[in-house]
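Geometric and topological summary
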Amino acid sequence: QVQLAESGGGLVQTGDSLRLSCVASGGTFSRTGMGWFRQAPGKEREFVAGINYSGGNTFYAASVKGRFTISRDNTKNTVYLQMNSLKPEDTAVYYCVSGWPVIVSWGQGTQVTVST
């Protein structure tokens, strides 16, 4: 079973940047699509970004397109989410997922808080 470990969350101000990382173990990372979801307080979990196994195709939610970039390093079994121009509405717990778009594993999440 794939295990996912996110890192990189924190408290930042509006307009700042953060880079989240997710290290995968226990699966065939280089053959697996990966993604990021988020859940804000009182809201449902929502899709943020996805990337195919090779990194050649990426997909974004409309709310983050142009500000966030998903990428991966198959030599390090790691997927990244570069978040720029952060807004208070980006405040959420961010989850890494494996198998995207058919999700098979979830990470435990990392908190991102954007203050005004």
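First, a word on what this report is: a plain description of the structure on this page.

A complete count under the given rule lists 3 salt bridges for this structure. With its nearest N and O atoms 2.9 Å apart, the salt bridge here joins arginine 38 to aspartate 90. Note that arginine 38 is positioned in strand E4 (residues 34-39) and aspartate 90 in the loop between strand E8 (78-83) and strand E9 (92-98), a separation of 52 residues in sequence. Residues arginine 38 and aspartate 90 agree in their burial class; the two are buried. A salt bridge links arginine 67 to aspartate 90; the nearest nitrogen and oxygen atoms lie 2.7 Å apart. With arginine 67 in the loop between strand E6 (58-60) and strand E7 (68-73) and aspartate 90 in the loop between E8 and E9, the pair connects residues that are 23 residues apart, well separated along the chain.

Before going further, it helps to spend a moment on the nonpolar core. What tends to happen in soluble globular proteins is that the nonpolar side chains get buried as a cluster. Membership of the largest hydrophobic core comes to 27 residues, with the highest contact counts inside it found for Trp36, Val79, Leu81, Met83 and Tyr94. At the level of elements, strand E3 (18-25), E4, strand E5 (46-51), E7, E8, E9 and strand E11 (110-115) are the ones that each hand at least two residues to this core. Broken down by element, the residue count for this core peaks at 4 residues, all from E3. Aside from chain neighbours lying at most four places away, what touches leucine 81 is Leu18, Arg19, Leu20, Trp36, Val48, Ala49, Phe68, Thr69, Ile70 and Tyr94.

Turning our attention to the environment of glycine 109. Take glycine 109: it is sitting in the loop between strand E10 (105-106) and E11. Note on glycine 109: relative accessible area 26%, which makes it partly exposed.

This brings us to the state of the cysteines. Summed over the entire model, instances satisfying the criterion amount to 1 disulfide. Across a sulfur-sulfur distance of 2.1 Å, cysteine 22 and cysteine 96 are joined as a disulfide pair. Taking the torsion about the S-S bond as the criterion, the cysteine 22 to cysteine 96 disulfide, at about -80 degrees, is left-handed. Placement of the pair is cysteine 22 in strand E3 and cysteine 96 in strand E9, with a sequence separation of 74 residues. Grouping residues by exposure puts cysteine 22 and cysteine 96 together as buried.

Taken in spatial order, the 4 strands make up an open sheet running E1-E3-E8-E7, and their pairing is antiparallel. With one partner strand each, in any of the chains shown, strand E1 (3-7) and E7 form the two edges of the open sheet. The average undirected angle you get between the axes of adjacent strands in this sheet is 15 degrees. Both E7 and E8 contribute to a ladder of 6 bridges, which runs antiparallel. By the bridge assignment, aspartate 73 is partnered in E8 with threonine 78.

Okay, the packing of aromatic side chains next. Under the definition given, this model contains 5 aromatic pairs. With centroids separated by 5.6 Å and ring planes inclined at 10 degrees, the aromatic side chains of phenylalanine 47 and tryptophan 100 adopt a geometry described as stacked. Taken together, the residues span a long stretch of sequence, with phenylalanine 47 in strand E5 and tryptophan 100 in the loop between E9 and E10 at a distance of 53 residues. Each member of the aromatic cluster is reached from another via a ring pair, and the members are Phe37, Phe47, Phe59, Tyr95, Trp100 and Trp106. The lysine or arginine in question, arginine 72, covers the ring of phenylalanine 29, its NZ or CZ lying 4.3 Å from the ring centre.

Thresholds, definitions, all that
Residues numbered from 1 in each chain as written. Predicted model: local features only at pLDDT ≥ 70, side-chain atom pairs only at ≥ 80, totals over all residues. Heavy atoms only, no water. Salt bridge = Lys/Arg side-chain N within 4 Å of Asp/Glu carboxyl O. Helix = DSSP H or I, 4+ residues; strand = E, 2+ residues; numbered from the N terminus. Buried < 20%, exposed > 50% of the residue type's maximum accessible area, 1.4 Å probe, protein only. Core = buried A, V, L, I, M, F, W, Y, C linked by side-chain atoms within 4.5 Å. Contact = heavy atoms within 4.5 Å. Disulfide = S-S within 2.5 Å. Pairing = 2+ DSSP bridges. Axes fitted to C-alpha atoms, helices over the stretch in contact; angles between N-to-C directions. Phe/Tyr/Trp six-rings, centres within 6.5 Å; stacked < 30°, edge-to-face > 60°. Lys NZ or Arg CZ within 6 Å of the ring centre and 35° of its normal.

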